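A structural walkthrough
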Amino acid sequence: MNRAYAEAAAVVGAGTIGLAWAALFAAYGIEVTVTDPREDLDEAVDEALPMLAAGLPGHDAADLRGRIRTTRDLAEAVAGAGLVQENGPERLEFKQRLFADIARHAPADALLATSSSGIVATRIAEPLPDGTAARLLVAHPFNPPHIVPLVEIVPGERTTEETVETAVAFYRALGRTPVRLHKELPGFAANRLQGAVLQEAIHLVLSGVVDAGELDTLVLSSLGGRYAAVGPFESFHLGGGPGGIRHMMRHLGPGLAEGWQRLGRPELDAAAVATLVGQTEAVYGSGPEAYRRRAALRDRKQLALDAALRRAERD
């Protein structure tokens, strides 16, 4: 596997995720080429970098921009890349065509990673030759990837172990927390957990139990903080006192299983969407300025939380 992945990378797709990857790579000294067919590619990079740099302590927008170049030509972008991070639309046929093009022009030993939030690598690699499929895997970040440390590493059926090990080492060197999934499944793990919580959150709001703002306050004041400190299984284990999870399963297990049957299955029809959108925008605003303000606040909170957790682990 080409060790130059640590020196030069191509980011394919200049949306929110792609631009955050580019900033993170640049912050770690990697020369980055961003490619996207959009006409305003340079403007998109320049506009995004100040907020992205704020989430990368010790770096400013000019510093990052010095290691990021742009081109609308895919072949040119990937020609010298040791790693290609793809961030295109979530459509299987599109990704299959895109990776076929990438493989034609990238170095024969480049690591090929997709940021797909749900499509498995095996499906993307179906029309590709073995040599290309061997180097292709999912490296799914949680948004925004330059701040939130998780990267789900999900190999396909033909992905080699060397590729997996290289990817884990690469993202770990960028200060990320790579977690290798042992099985492929649509949506992977973190998004499926997030989806389950969101499903019940939507049900509670549409049922009139709480409004959108109150639901967020409820989570921030309970599960959000708890799960930042310990995960669901450790939380459940500690909840059982000295008896741990054995005690919890013995006393609460039957009730848990019964409770799962009562969870909501909301329909997202036009009226439901209007309710959710109206309540959320009423609390958090809408439009570019509201987005920039709230996203910056989110990133400051996440950085502060991560720093506090690192201090707690050291103490």
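Just above sits the structure.
Residues numbered from 1 in each chain as written. Predicted model: local features only at pLDDT ≥ 70, side-chain atom pairs only at ≥ 80, totals over all residues. Heavy atoms only, no water.

Description of the overall build of the chain
Condition: Starting at the N terminus, helices and strands are each numbered in turn, a helix being any DSSP run of H or I of at least four residues and a strand any DSSP run of E of at least two. It is over C-alpha atoms that the radius of gyration is taken, and the globule rule equals 2.2 Å times the number of residues to the power 0.38. For every residue, the accessible area obtained with a 1.4 Å probe (protein chains only) is divided by the maximum for its type, and the residue is called buried under 20%, exposed over 50%, and partly exposed between those limits. Residue contacts are defined here by distance: any two heavy atoms, one from each residue, within 4.5 Å place the two residues in contact. His is not counted here, nor are the chain ends, while Lys and Arg score as positive and Asp and Glu score as negative. Charge positions are represented by NZ for Lys, CZ for Arg, CG for Asp and CD for Glu.
For the chain, the count of helices and strands is 15 helices and 8 strands. A compact globule built from 315 residues should have a C-alpha radius of gyration of about 20 Å, and the chain, at 21 Å, falls within 12% of that. Looking at the chain residue by residue over its 315 residues, the buried ones come to 41%. For the chain, long-range pairs separated by at least 24 residues make up 71% of all intrachain contacts whose partners lie at least 6 apart in sequence. Each charge class in the chain was averaged separately, 32 positive and 40 negative side chains, and the resulting centres sit 5 Å apart.

Considerations on the nonpolar core
If you look at soluble globular proteins, the nonpolar side chains tend to sit buried side by side. Which entries qualify depends on this criterion: Residues enter a nonpolar core if they are buried and are Ala, Val, Leu, Ile, Met, Phe, Trp, Tyr or Cys, with the set joined through side-chain atoms within 4.5 Å.
Within the largest apolar cluster, 36 residues are counted, with the highest numbers of intra-cluster contacts made by Phe-25, Val-32, Val-34, Leu-64, Ile-68, Ile-153 and Tyr-171. Contributions of two or more residues to this core are made by strand 1 (8-12), helix 1 (16-27), strand 2 (31-35), helix 2 (41-54), strand 5 (111-114), strand 6 (136-141), strand 7 (150-155) and helix 8 (161-173). With 9 residues, helix 1 is the single largest residue contributor to this core. The residues contacting Ile-153, other than those within four sequence positions of it, are Leu-137, Val-138, Ala-139, Val-164, Ala-167, Val-168, Tyr-171, Pro-178, Val-179, Arg-180 and Leu-181. Ranked by size, the runner-up nonpolar core spans 26 residues in total, among them Leu-112, Val-120, Ala-133 and Phe-188.

Here's the deal with the packing of aromatic side chains
The condition that has to hold: Here a Phe, Tyr or Trp ring, Trp counted by its six-membered ring, pairs with any other such ring whose centre lies within 6.5 Å, and the pair is stacked when the planes are under 30 degrees apart, edge-to-face when over 60, and tilted otherwise.
For the coordinates displayed, the defined rule picks out 4 aromatic pairs. On the basis of an interplanar angle of 65° and a centroid distance of 5.6 Å, the ring pair of Phe-25 and Phe-170 is categorised as edge-to-face. Highlighted residues: Phe-25 in helix 1 and Phe-170 in helix 8, separated in sequence by 145 residues. Comparing Phe-25 with Phe-170, the two get one shared label, buried. An aromatic cluster is present here, built from Trp-21, Phe-25, Phe-170 and Tyr-171 joined pairwise through their rings.

Observations concerning the packing of helix 12 (residues 232-239) against helix 13 (residues 244-260)
Selection criterion: Interaxial angle, 0 to 180 degrees, is taken between N-to-C directions of lines fitted to C-alpha atoms, where a helix line uses only the stretch in contact. Working definition: roughly parallel below 35 degrees, roughly antiparallel above 145 degrees, roughly perpendicular at 65 to 115 degrees, and oblique for all remaining angles. Polar here means any residue other than Ala, Val, Leu, Ile, Met, Phe, Trp, Tyr, Cys and Pro, which are nonpolar, and Asp, Glu, Lys and Arg, which are charged; Gly is therefore polar.
Put simply, helix 12 and helix 13 touch, their axes get as near as 7 Å, and they point 100° apart. Here helix 13 runs roughly perpendicular to helix 12, going by the angle between their axes. Taking contact as the criterion, the partners of Phe-236, His-237 and Gly-239 in helix 12 are, on helix 13, Gly-244, Ile-245, Met-248, Met-249 and Leu-256. When the residues that make up the contact of helix 12 with helix 13 are grouped by side-chain class, the tally is 5 nonpolar, 3 polar and no charged.

Observations regarding the side chain of Thr-122
To keep things clear, this is the line we draw: As used in this structure description, the phrase polar contact means that two N or O atoms lie within 3.5 Å; if the pair is within protein, one of them must be able to donate a hydrogen and the other to accept it, and residues adjacent in sequence are counted only when both atoms belong to side chains.
Assignment of secondary structure puts Thr-122 in helix 6 (residues 121-125). Take Thr-122: its relative accessible area is 17%, and that puts it in the buried class. A polar side-chain atom of Thr-122 sits 2.8 Å from the main-chain amide nitrogen of Glu-157.

A word on the sheet that holds strand 3 (residues 68-71)
Our working definition: Pairing between strands is defined by DSSP: at least two bridges between them are needed.
Spatial ordering of the open sheet is given by 3-2-1-4-5-6-7-8, a layout of 8 strands whose pairing is mixed. Each edge of the sheet is formed by a strand with only one pairing partner; in this case those strands are strand 3 and strand 8 (177-180). If you compare each strand with its neighbour and ignore which way they point, the axes differ by 25° on average. Here 4 bridges tie strand 1 to strand 4 (residues 83-86), and the two strands are oriented parallel to one another. Across the sheet, residue Val-11 finds its bridge partner in strand 4, namely Gln-85. Packing against the sheet, helix 1 makes contact with strand 1, strand 2, strand 3, strand 4, strand 6 and strand 7, and its axis sits at approximately 170° to strand 1. Where helix 5 (residues 92-105) meets the sheet, it contacts strand 1, strand 4, strand 5 and strand 6, and its direction lies at approximately 160° from that of strand 5.

Here's the deal with the pairing of strand 2
What counts is decided by this rule: With the strands pointing away from the viewer, any crossover whose connection runs clockwise from the first strand over the helix to the second is right-handed.
Of all 5 residues in strand 2, 4 are buried, a share of seventy percent or more. The handedness of the strand 1 to strand 2 crossover, carried by helix 1, is right-handed. Sheet analysis places strand 2 next to strand 3, joined by 4 bridges and oriented parallel. What sits directly across from Val-34, in strand 3, is Thr-70.

Structural notes on the packing of helix 10 (residues 212-220) against helix 14 (residues 270-284)
Between helix 10 and helix 14, the shortest axis-to-axis distance is 8 Å and the interhelical angle comes to 70°. Considered as vectors, helix 10 and helix 14 are oriented roughly perpendicular to each other. Between helix 10, through Ala-212, Gly-213 and Asp-216, and helix 14, the contact on the second element is made entirely by Gln-279, Thr-280, Val-283 and Tyr-284. Its residues placed into classes, the contact of helix 10 with helix 14 shows 3 nonpolar, 3 polar and 1 charged.

Some details on unusual backbone geometry
Cis rather than trans, the peptide bond between Asn-143 and Pro-144 has omega equal to 0°. Among the structural elements, Pro-144 can be located in the loop between strand 6 and strand 7. Even without being glycine, Phe-188 reaches a positive phi, approximately 60°. Mapped onto the elements, Phe-188 comes out in the loop between strand 8 and helix 9 (190-206). The buried category is assigned to Phe-188, whose relative accessible area is 1%.

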